[in-house]
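Listed below are the residues making up each chain.
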Amino acid sequence: SLRATLDGAAVIAGADETILTCARRHGVHIPTLCELHDIDHTPGTCRVCLVEIRMPGQERTQIVTACTTPMQEGIEVMTRSKQVREMQRLQVELLLADHDQDCATCTRHGNCELQDVAQFVGLRSNRFFDHDRVAARPIDFSSPALIRDMTKCVRCQRCIAICRDGQGVDALVVAGTGQETSVGLRYGLSQAESTCVTCGQCVLVCPTGALGERDETERVIDYLNDPEVITVFQFAPALRVGFGEEFGLPSGTNVEGQIIAALRRLRADIVLDTNFAADVVIMEEGTELLRRLSEARRPTFTSCCPAWINFAEEHYPDILPLLSSTKSPQQVLGTIAKTYLPERMGIDPARIRVISLMPCTAKKDEAVRPQFIHDGVPEVDVVLTTREFARLLKREGIDLRALAPSAFDNPYMSEYSGAGAIFGTTGGVMEAAVRTMFYVVNGRELETIELQQLRGFEGVRTAQVELGGAIGSVRVAMCHGLKPTRQIVEAVRAGTAEFDFIEVMACPGGCVDGGGTLRSKKTYLRDALKRRETLFGIDRTRKARQSHNNAQVQALYRDYLEHPYSEKAHHLLHTYYTD
Ligand code: HC1
Ligand code: SF4
């Protein structure tokens, strides 16, 4: 360790510490914009973290970037000198020279790291703003899921880092030079043409409004106000544990009841739970998997994560036959909400609009896949990310905290088992599937239903699971994040890994930290474990903990689908993939 001085106080610094980490450890705030320590990203490009230093024995001081300069024995660091404050302010003013400053229309208004920095440095002038240069920057509207607005880009390159190092997709590059530098898709392609899989991880790390989802709150408000329309809402397993933060509740709080209450306040006609459909997926996928195992076809990959489907189609089309044909819970719910539900409830299916609330950007992509639109009618009409749902409530003047929790009341499609609830975390689909497959094979329940061997958090986890009967022991793998997924897929293709069943979630953590979740400033993947604990807690409190014990799922098969994987179920609940 080293002895140094920080703003006049003696401090001990670690040998490998930068000025920035040392200052943070001592509670001294240095403004930063490009840096994101949670993903090891300190490119030093924004130059906002300027500090003044004096080396031992020297009279003169120098100005350096705190994020890239190491602490040294005897160094004096000054973070608040007049020169530092003036230079930081000038730096921010220069950053804003070609930044679209129409904050009132920006998705990050009030939650923007650039606004924070501008406030911190006391910015009061905007001398260099060049409107024409800003207007010349591209805005890419090509994707149904994501909008890339380079008029708001500060070139921090966090998005490039997460896409390359975190996800292993590497769709983004630095484009242009000098003043024209911005971030683009590789080979100058549009978002839609590129190899991007719309996982949205880049959106989560973007410090400004440069990256975001395509906002569809207005369409939902239109539906809510159209007397001809019957609005059917569904919300994802992970949404209820990743939404309370928006209203100041602790991370991981379960706000299922408040979300239902908010939807009722919005005058939603019918409120359903995606968890119910997750249970249906287990019935279909479990049956499909047992069938494939009995035919010695292996491995089977899960198919509920749409960014994973995009990834497989885009990057590994040869493995598409290995993907389960079962639709995702979102699409299963949309399908039966426009067939079974109106039949049961005696309503005209043509009046139904299904609106999904998802912690995911790729679900927007999924909903507009041609496979999921029949004679012009989509199974799911609109997908709102968690962020848009928060926006919708603000636009409608609803404060979640002021609402008494409400409960689901739909008698056909809102009950769920503990297995359905844990879909939202990495390993959850696997655990849910094992609970039901064991029952199908043995005619009795698993004794220990909480399968700890599936619950780690490493990027790739493998386990051996005893299913008994004719199936015996199966080898399973779970991966979250696309970089670990690539490893597994490569191993499967090379024949160096033998698995029966592989769960993939494109986002690290699974849906609990999906690309559509609330954005946090300067952090990445910090809430996933708390949210997942809440999901496991929900599982423990459910009356039924296995999908096959969900009474509404049993009724669906008894009254409508006949049995899992029946001809009707196959027609309605299964799909195909294209490269
Ligand atoms: Fe997910 Fe899924 S778990 S994909 O992460 O299979 O988004 O939560 O809704 O469809 O159920 C997301 C979550 C979600 C689907 C389910
Ligand atoms: Fe990369 Fe995912 Fe962002 Fe696409 S959405 S650019 S794949 S991080």
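Residues numbered from 1 in each chain as written. Chains lettered and ligands numbered in written order. Predicted model: local features only at pLDDT ≥ 70, side-chain atom pairs only at ≥ 80, totals over all residues. Heavy atoms only, no water.

## Some remarks on the site of ligand 2
Around ligand 2, a shell composed of Leu146, Cys163, Val169, Leu172, Cys196, Val197, Thr198, Cys199, Gly200 and Cys202 is seen. When its residues are assigned to classes, the shell around ligand 2 shows eight nonpolar, two polar and no charged. (Near = heavy atom within 4 Å. Nonpolar A, V, L, I, M, F, W, Y, C, P; charged D, E, K, R; others polar.)

## So, the site of ligand 1
Near ligand 1 lie 16 residues; those nearest to it are Ala236, Ala238, Gln330, Lys363 and Cys511. At 2.7 Å, a side-chain N or O of Lys363 approaches an oxygen atom of ligand 1. Of the residues assigned to the shell around ligand 1, the class counts are 11 nonpolar, four polar and one charged. (Polar contact = N/O pair within 3.5 Å; in protein donor to acceptor, adjacent residues only side chain to side chain.)

## Section: the domain arrangement of the protein
Segmentation of the protein into domains returns domain 1 (2-95), domain 2 (137-213) and domain 3 (218-573). Taken over C-alpha atoms, the centre of domain 2 sits 27 Å from the centre of domain 3. Facing 26 residues of domain 2, the contacting portion of domain 3 comprises 30 residues. Around 2000 Å² of area is buried between domain 2 and domain 3 when both sides are counted, 50% of it from carbon and sulfur atoms. (Domains from an automatic or database assignment. Contact = heavy atoms within 4.5 Å. Buried area = accessible area lost by both parts, 1.4 Å probe.)

## Let's talk about the packing of helix H10 (residues 306-315) against helix H17 (residues 482-494)
Where H10 contacts H17, the two axes come as close as 12 Å, and the packing angle between them is 50°. Taken together, H10 and H17 sit at an angle that is classed as oblique. In this structure, H10 meets H17 at a crossing whose hand is right-handed. Between H10 and H17, the contacting residues are Trp308, Phe311 and His315 on the first element and Leu482, Thr485, Arg486 and Val489 on the second. (Axes fitted to C-alpha atoms, helices over the stretch in contact; angles between N-to-C directions. Helix = DSSP H or I, 4+ residues; strand = E, 2+ residues; numbered from the N terminus. Parallel < 35°, antiparallel > 145°, perpendicular 65-115°, else oblique. Left-handed = near helix turned anticlockwise from the far one by under 90°.)

## Considerations on the side chain of Gln371
Here Gln371 lies in the loop between helix H13 (362-367) and strand E15 (373-374). A polar side-chain atom of Gln371 sits 2.9 Å from the main-chain carbonyl oxygen of Tyr576. With residues near it in sequence (within four places) discarded, Gln371 still touches Glu379, Thr575, Tyr576, Tyr577 and Thr578.

## Let's talk about the packing of aromatic side chains
The description of an aromatic ring pair rests on the distance of the ring centres and on the angle between the ring planes. Under the defined criterion, the tally for this structure stands at eight aromatic pairs. Both rings, one in Trp308 and one in Phe311, keep their centres 6.4 Å apart while their planes meet at 40°; by these two values the pair is tilted. In this pair, Trp308 and Phe311 both sit in helix H10, three residues apart, roughly one turn of the helix. Both residues of the pair, Trp308 and Phe311, count as buried. Between Tyr340 and Tyr412, the ring centres sit 6.3 Å apart and the planes meet at 85°, which makes this aromatic pair edge-to-face. Of this pair, Tyr340 sits in helix H12 (residues 340-345) while Tyr412 sits in the loop between helix H14 (386-395) and helix H15 (418-421), placing them 72 residues apart in sequence. Taking relative accessible area as the criterion, Tyr412 reaches 24% and is therefore assigned partly exposed. (Phe/Tyr/Trp six-rings, centres within 6.5 Å; stacked < 30°, edge-to-face > 60°. Buried < 20%, exposed > 50% of the residue type's maximum accessible area, 1.4 Å probe, protein only.)

## Topic: the side chain of Ser414
Following the sequence through the fold, Ser414 ends up in the loop between H14 and H15. There is a polar contact of 2.8 Å between the side chain of Ser414 and the backbone oxygen of Asn410. When neighbours within four sequence positions are excluded, Ser414 is seen to be in contact with Val271, Leu272, Asp273, Phe276, Phe408, Asp409 and Gln552.

## Some thoughts on the packing of helix H9 (residues 274-294) against helix H11 (residues 329-337)
Between H9 and H11, the least distance of the axes is 8 Å, while the angle of their chain directions is 100°. On the basis of their axis angle, the class for H9 and H11 is roughly perpendicular. Contacts from Thr274, Phe276, Ala277, Ala278, Val280 and Val281 of H9 reach H11 at Pro329, Gln330, Val332, Leu333 and Ile336. Residue composition of the contact of H9 with H11, by class: nine nonpolar, two polar and no charged.

## Things to note about the nonpolar core
Core analysis: the largest hydrophobic core is formed by 152 residues, its most contacted members being Leu263, Phe301, Trp308 and Phe389. No other element matches H9, which puts 10 residues into this core. Looking at this core, you find at least three residues from each of domain 2 (137-213) and domain 3 (218-573). If we ignore the near neighbours within four places in the chain, the residues touching Leu263 are Phe233, Phe235, Ala268, Val271, Leu357 and Phe389. In terms of nonpolar packing, the next biggest core, distinct from the first, is built from 21 residues, Ile30, Cys49, Ile53 and Cys67 among them. (Core = buried A, V, L, I, M, F, W, Y, C linked by side-chain atoms within 4.5 Å.)

## Quick word on the sheet that holds strand E13 (residues 300-301)
If you walk across this open sheet you meet the four strands as E13-E20-E19-E18, and the pairing is mixed. In the strand order of this sheet, the two ends are held by E13 and strand E18 (460-468), each with one partner. The pairing of E18 with strand E19 (residues 472-480) spans eight bridges and is classified as antiparallel. Bridge pairing links Val460 to Cys479 in E19. (Pairing = 2+ DSSP bridges.)

## Overview of the sheet that holds strand E5 (residues 76-78)
Taken together, five strands build an open sheet; the order of strands is E2-E1-E5-E3-E4 and the sheet is mixed. The open sheet has two edge strands, strand E2 (9-13) and strand E4 (62-65), and neither has a second partner. Averaged over neighbouring strand pairs, the angle between their axes works out to 35° when direction is ignored. Looking at chain direction, strand E3 (residues 50-54) and E4 are connected through four bridges and run antiparallel. Counterpart to Ile53 in the pairing with E4 is Gln62.

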